[in-house]
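Structural features, examined
What follows is each chain in one-letter form.
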There are 2 protein chains.
Amino acid sequence: MQKQERVVIDAVSPQINGGDFFIKRIVNEIINVDANVLVDGHDVIAASVLFKHENARKWSEVRMHHTGNDEWAASFIVEKQGFYDYKVQGWVDHALNWQHGIERKIDDGQHVISELLEGALYLEPLLKKVKKNEKEFVQECLACFKDESQYDKAVELAVSEPLHHLFYTNPEKELANESRTLQVYVDRKKARFSTWYEFFPRSASEKEGQHGTFKDCERLLGRVADMGFDTLYFPPVHPIGEVNRKGKNNTTEAFEGDAGSAWGIGSKYGGHKDIHPELGTLADFKRLVKKAKELGIEVAMDYALQAAPDHPWVISNPEWFKWRPDGTVQYAENPPKKYQDILPIYWENDNYKALWQECLDILLHWVDCGINVFRVDNPHTKPYYFWNWVMLEVKKKHPDVIFLAEAFTKPKVMQRLAKEGYSQSYTYFTWRDNKHELTEYMIELTQSDQREYMQPNFWPNTPDINPYHLQGANESKYLQRYALAATLSSSIGIYGPVFEQMIHEAIPGKEEYYMSEKFEVKHYDWFIENKITLLISKINKIRHENAALQQTNNIRFCHVENDNLMAFYKWDQNKTNELLIIISLDQYYAQQGTVQLPMHELGIHEGQQIQVEDLVTGSSYNWHSEWNFVELHPTLPFHIFKINK
Amino acid sequence: MQKQERVVIDAVSPQINGGDFFIKRIVNEIINVDANVLVDGHDVIAASVLFKHENARKWSEVRMHHTGNDEWAASFIVEKQGFYDYKVQGWVDHALNWQHGIERKIDDGQHVISELLEGALYLEPLLKKVKKNEKEFVQECLACFKDESQYDKAVELAVSEPLHHLFYTNPEKELANESRTLQVYVDRKKARFSTWYEFFPRSASEKEGQHGTFKDCERLLGRVADMGFDTLYFPPVHPIGEVNRKGKNNTTEAFEGDAGSAWGIGSKYGGHKDIHPELGTLADFKRLVKKAKELGIEVAMDYALQAAPDHPWVISNPEWFKWRPDGTVQYAENPPKKYQDILPIYWENDNYKALWQECLDILLHWVDCGINVFRVDNPHTKPYYFWNWVMLEVKKKHPDVIFLAEAFTKPKVMQRLAKEGYSQSYTYFTWRDNKHELTEYMIELTQSDQREYMQPNFWPNTPDINPYHLQGANESKYLQRYALAATLSSSIGIYGPVFEQMIHEAIPGKEEYYMSEKFEVKHYDWFIENKITLLISKINKIRHENAALQQTNNIRFCHVENDNLMAFYKWDQNKTNELLIIISLDQYYAQQGTVQLPMHELGIHEGQQIQVEDLVTGSSYNWHSEWNFVELHPTLPFHIFKINK
């Protein structure tokens, strides 16, 4: 037989795949829970959201309120890292239902002696529940309800607000029903708000032609910190394979002295737990990580699960690779292309449990060395279930660890990886250039259920992607791209110093850097200051000072009558920080337009004055209208306005 | 540890609440299954839909095809009544992946000796699987692949279509993964396609002032059948309570001879399993049911779970009702209103299992008497879980039984009742009058996931609803409302002869019939023939002859430049029956407009001739254009065009 419960609960949100995956939040963020709560008939019902941190013993409760059309809502704040369970509970509130009925009967002039006796039945159980001061009130009601001589007073008490409050706050919850239990994973703030800088440590040397070391990197830390970056991501720092090593510009033949690809991991010097000797020692690495931390920078490590042909695993665990009938090992392939410097892992091998464990051990090893951020290379070429397992295993012991998925691939694959638990995901921002496609993409990320599980990280460039629109672009375009990334998304990153020095020579017809740093040691004048570095620093400072830019989902695009101008309103959770951002997409000409303020969201009316304060220039403007004129020049192609009311 | 499977399956549709509820179909309908099927990396994958009738031992399989963006699709037909399970299975097809790779390498001019040896590994398992004629081919391939001297032939075989076919049809399915198992309930055709006529048997007498009987009803069966109705629904035929019986026009005082409300069930003559003595005997009822069946009509019974104060249950099972502290029984209330002729069931009583069982027994009793269709009165005032249980219990033994939910209530409540298993649901059609609201409502019913679980039944009127737009309406309006119901929805019904005789006197300001038949015996001239009866008969005949009208979901609205004209295209599952329906919503004036044909759906191009044949008048028109002129007069305010190409 089915349950006797009369209340049913449907369409609880947020939830992903009916609760198969957890949603994501950071510490102190809000969760707005909605659900349909229904009962047969017309009884008064009530509902709560129950929530509980994984380490808590008792459920916390927050009462839901009816928002219309049988939809109920309540919110709670997640204060601690780790998993929370949450669920919706609904019940018929017979006591309130009684009060609702007697009120109408009294209004109708009916005699309610019998109803008062019923009311007493709802009051009696409260005697054991309520505090002392309330107890007296309950007793008073009980006495009156049962005493016909006090009828007038009884009627008054029956419909009184204190009685309503008493019933509301002490529900009996008979035959309460509950939804499925859902989960949210709460990360530290960095999962949502992070500013990444990527460089190749081997290019950090002061001297041209010399292989950079971790010690060389140390002298760059101050610059990275001064520019306002909080995460320093290095391509793999492990021993680089010597067998079939790649030559410069991605040629298959390496010459004496060619550095090879940092992603061709493993050699006689070791594998994923070791350090490439030319970069220094493990001690050097740990010192660098520590010094960075002192400057507020976390070093993010690359986690690239593949092996060079001379990786130690090939000898120790040949079963983790695929062997061909002719006795040779299977190289990476995308037929007809072959990548002979790389062996993919054979995930379908029978000894996969040992493999998974070893992959976990690598992460735990580096966490022990001080690493809490991993940028995962090509996660879409490793099994989905593996990611779910390995990330949760790490986070069980080390909840601070953050994983960024480098999956530049098909949309559903990227979404699924995020569902499996990635803290952050690279996105298509790198290729979204005009107003329509940027707007559409932002709406997809922030208005669909992706907002609950996919935390975007916007990169204008990466070592793999030299986007067409930056090839030959001028300074203004670089500023626009950085400003777009930094105001649209709370997590962003650049590959430098290529970006800020506008190095953009490409392999013709491709979005790849010519003579890519991926295959050779480069030499830079690291300390060049220019308008781009200046404005990056300024924007990063603004991001750190404005909570509205420290999340991605609270965005609303504003109408502006010009396809070369984008305008959007952003706000923080408490609406104590409200920004209006206007960015020109034209790198050559000035653009003018009138921007429509989101009056309703701002809570202002036509004619009311607001002040918009440009956080870059310090200029302020007083606006009185819904529509306001703006003009942007390529020299400074954006406004980040703080709205003061 | 998580699963080693590499393929993941997401977003399987159709599904309701992640599989918590079953979807619905009728026998021989199609189910189009879609799913996201993903793998890490770039391997060739394959997927199937597996499905199985509840009585079958083995799963049937239909292969899915990739429709783009990692979405896969397949369809299957449900041939039998009852539950089917269905699920999506996905796997990496290593053999096809091998063939895909070797093809590209050969095209690239590579030597593939080693690849051929790999291919042999995929061929060997087939030796045990394939039929004799295919076995020879496998052996031939194996011999060539392993013999370098036959390299050219081996290469030819490796990329051959027969080998592709062999691999495709004999997948190894290593590490195949499966979605959650979902369910569909398959009803007989009547659940989707039914034409109802409702009348009060007590008004069936030939003689004015005399209480009608089942025998009187028999003489009306021919008329009901001739008009093309296949379901004859009677308000409750059980003994009517005598305590607190309702008087005429819903007054609380009944006088001698007042018939009372048929929904006030139970008296000294019995309860829900008994027959109201004034209507006849159980034998009379059974004979009526049998005679109706002989004319192709099923009698639908009202299932109204409530009791008059003198219902036998009040004595036999007082615990099924609520008793007040003053010792009186709780009447139905909607404070301040009281309905003293009705006792609601107290569903929260401790003896609810016996109550549920008794409610089930009522249904089984009437099924034994020949009833297979139940119209359930106010299901939204009884618990949701009860409905799920009781309907499935009945259908386990009697899969032909159909339940229509009379829930004229809030949208989410109606949807939930449908999810719980109702075969059909009354709808808001009764109040949807203008083009915009009719179109919007149809799109909600047929384009949202409601299409999968809510089978609408459109009623222009009921004994409870005398809609404002029919009060004072002319004949044309009645024709429009019937034509709209009958072409928009495959299940429809009218309350007659009130509808076809345009009886529409209302209680002023209310959508209720004045001197409603609900509270008294009426007398009609049953055999009046008029334009409405003629056209109802004609439309019903067209419905029986055109499969496009025997389902509701295949509808597409056509643009027509006139808000008083509605046009829509309907088609059957195989697109062998295509209709274009145009209905005027103006009861006073002629309306003209140009209708846009759905060229793409019709598979025709501009300039191609089609013939549209008016199934009412027999007239035909040849159309050559996308836009075509139509004019409708109030005298015949609709076209039901059959499209002949």
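The structure we're discussing is the one just above.
A brief look at the structure comes next.

1. Thoughts on the relation of the copies chain B and chain A
Placing chain B over chain A gives an RMSD of 0.1 Å and needs a rotation angle of 180 degrees, together with 0.0 Å of translation along the axis. The superposition of one copy onto the other is thereby described by a two-fold rotation axis. When C-alpha positions in chain B are compared against the rotation axis, the closest is assigned to G18 of chain B, at 2.8 Å. Both copies share a contact surface, since 100% of the interface residues of chain B are interface residues in chain A too.

2. What to know about the packing of aromatic side chains
Tallying each qualifying case throughout the model produces 80 aromatic pairs over all chains. Ring centres of Y303 of chain A and F374 of chain A lie 6.2 Å apart, and the angle between their planes is 65 degrees; on these two criteria the pair is classed as edge-to-face. With a gap of 71 residues between them, Y303 of chain A in strand β13 (residues 298-303) and F374 of chain A in strand β16 (residues 373-377) connect regions that are remote in the sequence. Of the two residues, Y303 of chain A and F374 of chain A, both sit in the buried class. An angle of 45 degrees between the planes, with centres 5.8 Å apart, marks the rings of W98 of chain B and F145 of chain B as tilted. Taken together, the residues span a long stretch of sequence, with W98 of chain B in helix α1 (residues 94-107) and F145 of chain B in helix α3 (residues 132-145) at a distance of 47 residues. The pair formed by W98 of chain B and F145 of chain B is uniform in burial state, with each residue classed as buried. Between the NZ or CZ atom of K575 of chain B and the centre of the ring of W571 of chain B, over which it lies, the distance is 5.5 Å.

3. Digging into helix α11 (residues 411-419) of chain B
Residues and elements named next belong to chain B. Buried residues dominate α11, accounting for eight of its nine residues. Of all the positions in α11, only K412, V413, M414, Q415, R416, L417, A418 and K419 are classed as buried. Backbone geometry just after α11 places G421 at a positive phi near 130 degrees.

4. As for the pattern of salt bridges
All names here are of chain A. By the definition in use, this model includes 89 salt bridges over all chains. Measuring nitrogen to oxygen at the nearest pair gives 2.8 Å for the salt bridge that ties K87 to E178. Of the two residues, K87 is situated in strand β8 (residues 82-92) and E178 in strand β9 (residues 177-178); the sequence distance between them amounts to 91 residues. In this structure K87 comes out as buried when scored by relative accessible area, which is 9%. E178 gets classed as partly exposed once you look at its relative accessible area, which sits at 35%. Close ionic contact of K522 with E520 constitutes a salt bridge, the shortest N to O distance being 3.9 Å. Under the relative-accessibility criterion, K522 is labelled partly exposed at 23%.

Quick notes on the rules
- Residues numbered from 1 in each chain as written.
- Chains lettered and ligands numbered in written order.
- Predicted model: local features only at pLDDT ≥ 70, side-chain atom pairs only at ≥ 80, totals over all residues.
- Heavy atoms only, no water.
- Least-squares fit on C-alpha atoms with pLDDT ≥ 70 in both.
- Contact = heavy atoms within 4.5 Å.
- Phe/Tyr/Trp six-rings, centres within 6.5 Å; stacked < 30°, edge-to-face > 60°.
- Helix = DSSP H or I, 4+ residues; strand = E, 2+ residues; numbered from the N terminus.
- Buried < 20%, exposed > 50% of the residue type's maximum accessible area, 1.4 Å probe, protein only.
- Lys NZ or Arg CZ within 6 Å of the ring centre and 35° of its normal.
- Salt bridge = Lys/Arg side-chain N within 4 Å of Asp/Glu carboxyl O.

Note that every value here comes from positions in space, so none of it alone points to a role or purpose.
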